[in-house]
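Coordinate inspection notes
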2 protein chains.
Amino acid sequence: MTATPAITIRRTRRDDVPAIVAMLADDHLGSARERLDDPLPASYYDAFARVDGDPLFRLVVAEQGGRVIGSLQLCMLPGLSSQGASRGLIEDVRVASDCRSRGIGEQLVQWAVAEARSHGCKLVELLTHHTRVDAQRFYERLGFARSHVGMTIRF
Amino acid sequence: MTATPAITIRRTRRDDVPAIVAMLADDHLGSARERLDDPLPASYYDAFARVDGDPLFRLVVAEQGGRVIGSLQLCMLPGLSSQGASRGLIEDVRVASDCRSRGIGEQLVQWAVAEARSHGCKLVELLTHHTRVDAQRFYERLGFARSHVGMTIRF
């Protein structure tokens, strides 16, 4: 019997960017929006630098046995409402397609909720596409409520 | 016949904070979350300073005849998805209760969408409480789609 290597959640490094973009592209909604050229378009690295250099954001990966198998971005946004409490926004939760149903997404999301809470956020919010019914059940299981309608406009 | 004074959308000043908080509190969902003490709790001014000092945010008010009658916060968030394009998040859209149905919210939201677009955002998103059916129709009229489920966890 081989032990499963433990999962580490850690800050994203610049050389993790291609693995994250590959996960973003491996998705029926994301595939048309990403560009998996080698090398990757510089716009991905520019965005990484903007996120990585700003204390409002946490861009993290789940790593197992040296491989990046999941990622998530947490934003902790100041604002006046709720007596000036910041709110957390979770974006771009992804798990490699061959690593799903092993609790990796759950560990990532619970890490983000705890991180937001420990930084004074009174609310964490996210949007899931209305077709992602499994994702909605997943978030409900983690304590999220289907309280809002998420509305988008895309250019 | 008296002409209606024009509406100006402008950056929020520190002395606008009480008017914004009053609008946030004048709402069946917001009333329990805000504190309208005089003077206001310092946490509101601390949050204002964090938002006002960060180029990712636009906290604006609609002013008419010297009175603040609406407000909105736009966040322009960097991230890896969509080839590293930033995305806009609109939060805390409010119009004074005696000034509704005059197109003020529409001017605020259209200002925010144009601002996000001009700064390279490819997407603008927002959450509206599932009970705010009028708000959902309003955003659909402005070109937003009911594409997502907005999920929240509150501490």
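Residues numbered from 1 in each chain as written. Chains lettered and ligands numbered in written order. Predicted model: local features only at pLDDT ≥ 70, side-chain atom pairs only at ≥ 80, totals over all residues. Heavy atoms only, no water.

1. Here's the deal with the packing of helix H1 (residues 17–25) of chain B against helix H2 (residues 42–52) of chain B
All names here are of chain B. Across the interface, H1 lies against H2 with an axial gap of 11 Å and an inter-helix angle of 110°. Here H1 lies roughly perpendicular to H2, going by the angle between them. Where H1 approaches H2, its residues Val17, Pro18 and Val21 are matched on the opposing element by Tyr44, Tyr45 and Phe48. The residue inventory of the contact of H1 with H2, partitioned by class, reads 6 nonpolar, no polar and no charged. (Axes fitted to C-alpha atoms, helices over the stretch in contact; angles between N-to-C directions. Helix = DSSP H or I, 4+ residues; strand = E, 2+ residues; numbered from the N terminus. Parallel < 35°, antiparallel > 145°, perpendicular 65-115°, else oblique. Contact = heavy atoms within 4.5 Å. Nonpolar A, V, L, I, M, F, W, Y, C, P; charged D, E, K, R; others polar.)

2. Section: the confidence of the model for chain A
On average, chain A scores 95 in pLDDT, and the residues at 70 or more come to 98%. Across the predicted assembly, pTM comes out at 0.95 and ipTM at 0.94. (pLDDT = per-residue confidence, 0-100.)

3. Regarding the state of the cysteines
Following the criterion strictly, the structure yields 0 disulfides over all chains and no others. Cysteine A:Cys75 is unpaired, with the sulfur of B:Cys75 as its nearest cysteine sulfur at 8.6 Å. Accessibility expressed as a relative area gives 0% for A:Cys75, which makes it buried. (Disulfide = S-S within 2.5 Å. Buried < 20%, exposed > 50% of the residue type's maximum accessible area, 1.4 Å probe, protein only.)

4. Some details on the environment of B:Arg58
Residues and elements named next belong to chain B. Examined against the element boundaries, arginine 58 turns out to sit in strand E2 (residues 57–64). Along the primary structure arginine 58 and arginine 141 are separated by 83 residues, whereas in three dimensions their C-alpha atoms are 23 Å apart. Not counting residues within four places of it along the chain, the set of residues in contact with arginine 58 comprises Leu72, Gln73, Leu74, Met76, Trp111, Glu115 and His119. Reaching out from arginine 58, the side chain makes a polar contact with the backbone oxygen of proline 55 at a distance of 3.0 Å. (Polar contact = N/O pair within 3.5 Å; in protein donor to acceptor, adjacent residues only side chain to side chain.)

5. Considerations on empty space enclosed by the protein
All names here are of chain A. With the rule as written, the count across this model stands at 4 cavities of 30 Å³ or more. Computed from the structure, the largest cavity encloses a volume of approximately 50 Å³. At the level of elements, helix H1 (17–25) and strand E3 (67–77) are the ones that each hand at least two residues to the lining of the largest cavity. When residues of the lining of the largest cavity are assigned to their parent elements, the largest contribution, 3 residues, is made by E3. Within the lining of the largest cavity, the residues separate by chemical class into 5 nonpolar, 2 polar and 1 charged. (1 Å grid on protein atoms, 1.4 Å probe; cavity = no way out; pocket = protein on both sides within 12 Å on 5 of 7 lines; lining within 4 Å. Points joined across faces, edges and corners; volume = space filled by probe spheres on them.)

6. A short note on the sheet that holds E2(B)
Spatially, the 12 strands line up as an open sheet ordered E1(A)-E2(A)-E3(A)-E4(A)-E5(A)-E6(B)-E6(A)-E5(B)-E4(B)-E3(B)-E2(B)-E1(B), and their pairing is mixed. Here the strands that pair on one side only, and so sit at the sheet edges, are strand E1 (7–11) of chain A together with strand E1 (7–11) of chain B. Averaged over all pairs of adjacent strands, the angle between strand axes in this sheet comes to 30°, irrespective of strand direction. Each of E1, strand E2 (57–64), E3, strand E4 (87–95) and strand E5 (123–129) of chain A touches helix H4 (residues 104–118) of chain A; the most contacted strand, E3(A), lies at about 25° to it. In the packing of helix H4 (residues 104–118) of chain B onto the sheet, contacts are made with E1, E2, strand E3 (67–77), strand E4 (87–95) and strand E5 (123–129) of chain B, and the angle to E3(B) comes to roughly 25°. (Pairing = 2+ DSSP bridges.)

7. Details of the relation of the copies chain A and chain B
Copies of the same chain, two in number, are related to each other by a rotation about an axis and a translation along it. The transformation that overlays chain A on chain B combines an axial shift of 0.0 Å with a rotation of 180°, and the residual RMSD is 0.0 Å. The operation mapping one copy onto its partner corresponds to a two-fold rotation axis. An overlap of 100% is found between the interface residues of chain A and their copies at the interface of chain B, pointing to a shared contact surface. (Least-squares fit on C-alpha atoms with pLDDT ≥ 70 in both.)

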